[in-house]
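Geometric and topological summary
Listed here are the chains, written in short residue letters.
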Amino acid sequence: MRELRFILGDQLNRNHSWFRTVEKDVLYLMVEAKSETEYVKHHIQKLISIFMAMRAFRDSLSQLGHKVKYIQLDNKDHSGKISEEILKVCRKEQVEAFAYQLPDEWRLDEELKEISKVLSKNFKIKCRVVDTEHFLTTRDELKSFFGNKQYRMEYFYRHLRKKYNILMSEENNPLGGEWNYDEKNRKRYDAKIKIKKRNWIEKSSVDLKKLFRDTPSMGRVGDSIFWPISRDESLKYLKEFISKYFEGFGPYQDAMTEADSFLFHSCISFSLNTKQISPKEVIDEAITFYKKNSDRISLATVEGFVRQILGWREFVRGIYWAEMPSYQNLNFLNQKEDLPGWMWTGNTKMNCMNHSLRQSLDLAYAHHIQRLMVIGNFMLLLGVHPDQVDEWYLGVYIDAFQWVELPNTRGMSQFADGGKLASKPYISSANYIDKMSDYCKNCFYDKSTKTEKNSCPYNSLYWDFLARNKSKFESNPRIGFAYKTWSKFSESERKKIQAKAKALISEKENL
């Protein structure tokens, strides 16, 4: 029997059981599809890096002796669609069986189910699907765990800590006596701290840049790409993070500064989300290093890192599969505004947004607080439609695939799911941004006022957001306290704040 096994561009797992032995009757298929480059406008670095990683994976499989058919984007007879290429190869190679790994995105899951039905019904080809062997949970594990109860990451995280015996004592209690040390990981960056230079592995992007000349894209790219495109590169980045930056990651993981784009962050999310490395080996590497260096790596640091991968990453994937496809259409707050044009250029006088957007467009990267509390916060306060916010986030970031982007953006950042994922909207005035960054000191706007001509837009928009959504949040125990402060403002002051916010929204292109 000749079996065709299909591999998606984010399924680059060299340790998958498929590849343990070379089978002479198995042909692997990989497709660079135009449909995957144009369903949203992607960052050019993202397109180039994914295709580079796919080609590197093809080469690694070939070197191991596997038969691989690789269809490049510029092939003359390329249909541009994954399903059509699968069908053509099945007919040409006289395939008797077809297999694929579970896709992580709903639309691809549906597409591969459909082509399997066609192959089975019309061509009598046996079809099967296997797990990607990457995640620590199954698609439906979160749904089964919570049943009809409210999803909350903390409880799922504790469940997984126990299940995999991660950072647990012999008595099956959390190390140190606490499950979560988040309050110890909120330091502002100190400019006196020197950050070691990254040893990026640069690859020429010249040939692939030409390939995307006619593809709608965003962002900027030079003649080289530094994102990891192979398992070996990914492991080097992981080990460098653990040895050079891990110590500072915990206390400064929420900090932001104009001085450095990466600070102490791992920069391995692209490797994880394309499955070049696994969450289990990342967690094991961090814990092993912690045990050997507990004199300088705090428990709060290693717990905070593990929580992002074991807790948050698995949690958002579980919500994605529990709530799709309806989740992608939720708009609980009925937000209607258009995305400002400067989101595609960074040309705004707000220094925090200017810096975070330009960094995103230059590097296809921003860390979680820039994404959540600068960019996402402002889009939420401004009232931008979540469809447009989703599309921007999905396109711009190197690690953005819908399964992870959608719950983070529509759920946590924009609260468009009405609280399925998060218990409160993540909003703030300029005060939080000033507390966690050095952005405000070089800004055109005044962080300390609300209604003056040069007042920081975050300030009036923050209070206006609360006012216009009072019926939804006044009783929320995690944000309801803000309404007590709002009630202490005089009526004339409240009107001035809301008038200022209304003017800012109508003039958003000029901020």
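Residues numbered from 1 in each chain as written. Predicted model: local features only at pLDDT ≥ 70, side-chain atom pairs only at ≥ 80, totals over all residues. Heavy atoms only, no water.

1. Concerning the pattern of salt bridges
How we decide: Salt bridges, as used here, are contacts in which a Lys or Arg side-chain nitrogen is within 4 Å of a carboxyl oxygen on Asp or Glu. Each helix is a run of DSSP H or I of at least 4 residues and each strand a run of E of at least 2, with the numbering of both proceeding from the N terminus. The classification of residues rests on relative accessible area computed with a 1.4 Å probe and restricted to protein chains. Under 20% of the type maximum is buried, over 50% is exposed, and intermediate values are partly exposed.
Under the criterion given, the structure shown has 38 salt bridges. Residue glutamate 110 pairs with lysine 113 through a salt bridge whose shortest N-O separation is 3.8 Å. Note that glutamate 110 and lysine 113 are positioned in helix H4 (residues 106-123) at a spacing of 3 residues, about one turn of the helix. In this structure, the salt-bridge partner of aspartate 390 is arginine 410, at a minimum N-O distance of 2.6 Å. A residue pair is termed long-range when its members are at least 10 positions apart, and aspartate 390 in helix H14 (residues 386-396) and arginine 410 in helix H15 (residues 402-413) qualify at 20 residues. For the pair aspartate 390 and arginine 410, one class covers both residues: buried. Through salt bridges with shared partners, a single ionic network connects Glu3, Arg5, Glu23 and Arg128.

2. Some words on the sheet that holds strand E5 (residues 97-101)
For the record, the criterion: A pair of strands is considered paired only if DSSP assigns at least 2 bridges between the two. Axis lines are fitted to C-alpha atoms, over the contacting stretch for helices. Their N-to-C directions set the angle, which ranges from 0 to 180 degrees. In what follows, residue pairs with any heavy atoms lying within 4.5 Å of each other are defined as contacts.
Across the sheet, which stays open at both edges, the 5 strands sit in the order E4-E2-E1-E5-E6 with parallel pairing between neighbours. Two strands in the sheet have a free side with no partner beyond their single neighbour: strand E4 (67-71) and strand E6 (126-130). Within the sheet, the average angular offset between the axes of one strand and its neighbour, ignoring direction, is 25°. Across the sheet, helix H3 (residues 82-92) lies against strand E1 (3-7), strand E2 (26-31), E4 and E5, angled at about 160° from E1, the strand it touches most.

3. Brief notes about the confidence of the model for the chain
Quick note on the threshold: pLDDT is a residue-level measure of predictor confidence that goes from 0 to 100.
Considering every residue of the chain, the mean pLDDT works out to 94; 100% of them sit at 70 or more. Between the elements of the chain, mean pLDDT differs from a low of 84, seen in strand E8 (residues 217-218), to a high of 98, seen in helix H9 (residues 269-273).

4. Notes on the packing of aromatic side chains
Filter applied, for reference: When the centres of two rings from Phe, Tyr and Trp lie within 6.5 Å, Trp using its six-membered ring, the rings pair. Their planes under 30 degrees apart give stacked, over 60 give edge-to-face, and anything left gives tilted. Put simply, a charge is over a ring when the Lys NZ or the Arg CZ is close to the ring centre, within 6 Å, and near the line of the ring normal, within 35 degrees.
Tallied over the full model, the rule gives 41 aromatic pairs. Pairing phenylalanine 241 with phenylalanine 305 gives two aromatic rings, centres 5.2 Å apart and planes at 40°, and the pair type is tilted. Of the two residues, phenylalanine 241 is situated in helix H8 (residues 231-252) and phenylalanine 305 in helix H11 (residues 299-323); the sequence distance between them amounts to 64 residues. What makes phenylalanine 241 buried here is its relative accessible area of 0%. Residue class for phenylalanine 305 comes out buried when judged on its relative accessible area of 2%. Three or more aromatic residues link up through ring pairs in this structure, and these residues are Trp200, Phe226, Trp227, Tyr237, Phe262 and Tyr365. In this arrangement the basic side chain of arginine 139 is found over the ring face of tryptophan 321, its NZ or CZ atom lying 3.7 Å from the centre. When the ring centre of phenylalanine 135 is taken as origin, the NZ or CZ atom of arginine 317, which lies over that ring, is 3.9 Å away.

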